[in-house]
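Single-letter residue listing:
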Amino acid sequence: MNHILRNGLMRRSTLQFESRPVPDEALMEIVEEGKILSNAPSNQEWHFTVLQNRGLLHRFQDLYAKIVEAKGGDAARFSAQDVLNIPVLLIISGRKEENFVEDAAHMVFASMMLVAEKAGLGACWLSTAASIFVSEEGKTLLSQLSIPSGYAPLCIGAFGYKRVPATAPRVLSSEDNIVNIIK
């Protein structure tokens, strides 16, 4: 089986991470994948922030845990404790005024998650995370992340070693009736 297809079939969002550090080589392979993908409308380059600084991670995680508890959304999947154990945070930033730039950033992250799976790492897209930068505390944190002027966080996700192994995917059959072909 093609390794990309296998990684796509096996990949599941990782909600609980081990505390061991992620090797720089694996992180660079993930980032390299993102660097080669551009957004469709303007071929814009992304800016990637790989956050491993424990102090800044804890500040992010505290703000994100508040959102998880207040908004719900990811709360069905994450507990505040899970959020506090994220070993690596990846922020994809771009020029927000570009058309479809947020959608493109999410597509880039999806490809990066497949590379993480290939490297034996887990990943999870944090769907509501960019909203933390609206608050005053979030703006203070944002100012410490060295994101270039004119760029804004568009997509945020977590990477690390999986504490709980992924379960095998359910094999779909033609009886599952999940495809309609209309000619």
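Going along each chain's sequence as written, the residues are numbered from 1 onward. Predicted model: local features are reported for residues with pLDDT of at least 70 only, side-chain atom pairs are reported and counted for 80 or more only, and whole-chain, interface and lining totals are derived from all residues. Side-chain numbers come from the whole structure's heavy atoms, not from hydrogens or water.

J.: Tell me about the packing of aromatic side chains, and name the residues and values.
T.: How two aromatic rings sit relative to each other is given by the distance of their centres and the angle of their planes. Pairs were defined over the aromatic rings of Phe, Tyr and Trp, the Trp ring being its six-membered one, requiring ring centres within 6.5 Å. Orientation was assigned from the angle between planes: stacked under 30 degrees, edge-to-face over 60, tilted for the rest. Taken as a whole, this structure holds two aromatic pairs when the rule is applied. Pairing Phe 60 with Tyr 64 gives two aromatic rings, centres 5.8 Å apart and planes at 10 degrees, and the pair type is stacked. Taken together, the positions of Phe 60 and Tyr 64, both in helix 3 (residues 54-71) and four residues apart, correspond to about one turn of that helix. Per-residue accessibility, obtained with a 1.4 Å probe over protein chains only, is compared with the maximum for each type, and a residue is labelled buried under 20%, exposed over 50%, and partly exposed between these values. Phe 60 gets classed as buried once you look at its relative accessible area, which sits at 1%. For Tyr 64, a relative accessible area of 0% corresponds to the buried category. Residues Phe 109 and Phe 159 carry aromatic rings whose centres are separated by 5.4 Å and whose planes lie at 55 degrees to one another, so their mutual orientation is tilted. Residue Phe 109 is located in helix 5 (residues 101-118), and its partner Phe 159 is located in strand 4 (residues 152-160); the two are separated by 50 residues in the primary sequence. Residue class for Phe 109 comes out buried when judged on its relative accessible area of 1%. In this structure Phe 159 comes out as buried when scored by relative accessible area, which is 1%. The ring of Tyr 161 is capped by Arg 20, whose NZ or CZ atom sits 3.5 Å from the centre of that ring. For helices the rule is a DSSP run of H or I covering at least 4 residues; for strands it is a run of E covering at least 2, with both sets numbered from the N terminus onward. We count a charge as sitting over a ring when the NZ of a lysine or the CZ of an arginine lies within 6 Å of the ring centre and within 35 degrees of the ring normal.

J.: Got a sec to walk through the environment of Leu 141? Specific residues and values, please.
T.: Take Leu 141: it is sitting in helix 6 (residues 136-143). Relative accessible area serves as the criterion here: at 1%, Leu 141 is assigned to the buried category. Once residues within four sequence positions are removed from consideration, Leu 141 is found in contact with Leu 56, Arg 59, Phe 60, Leu 63, Ile 132 and Phe 133. Any pair of residues with heavy atoms lying within 4.5 Å of one another is described as a contacting pair.

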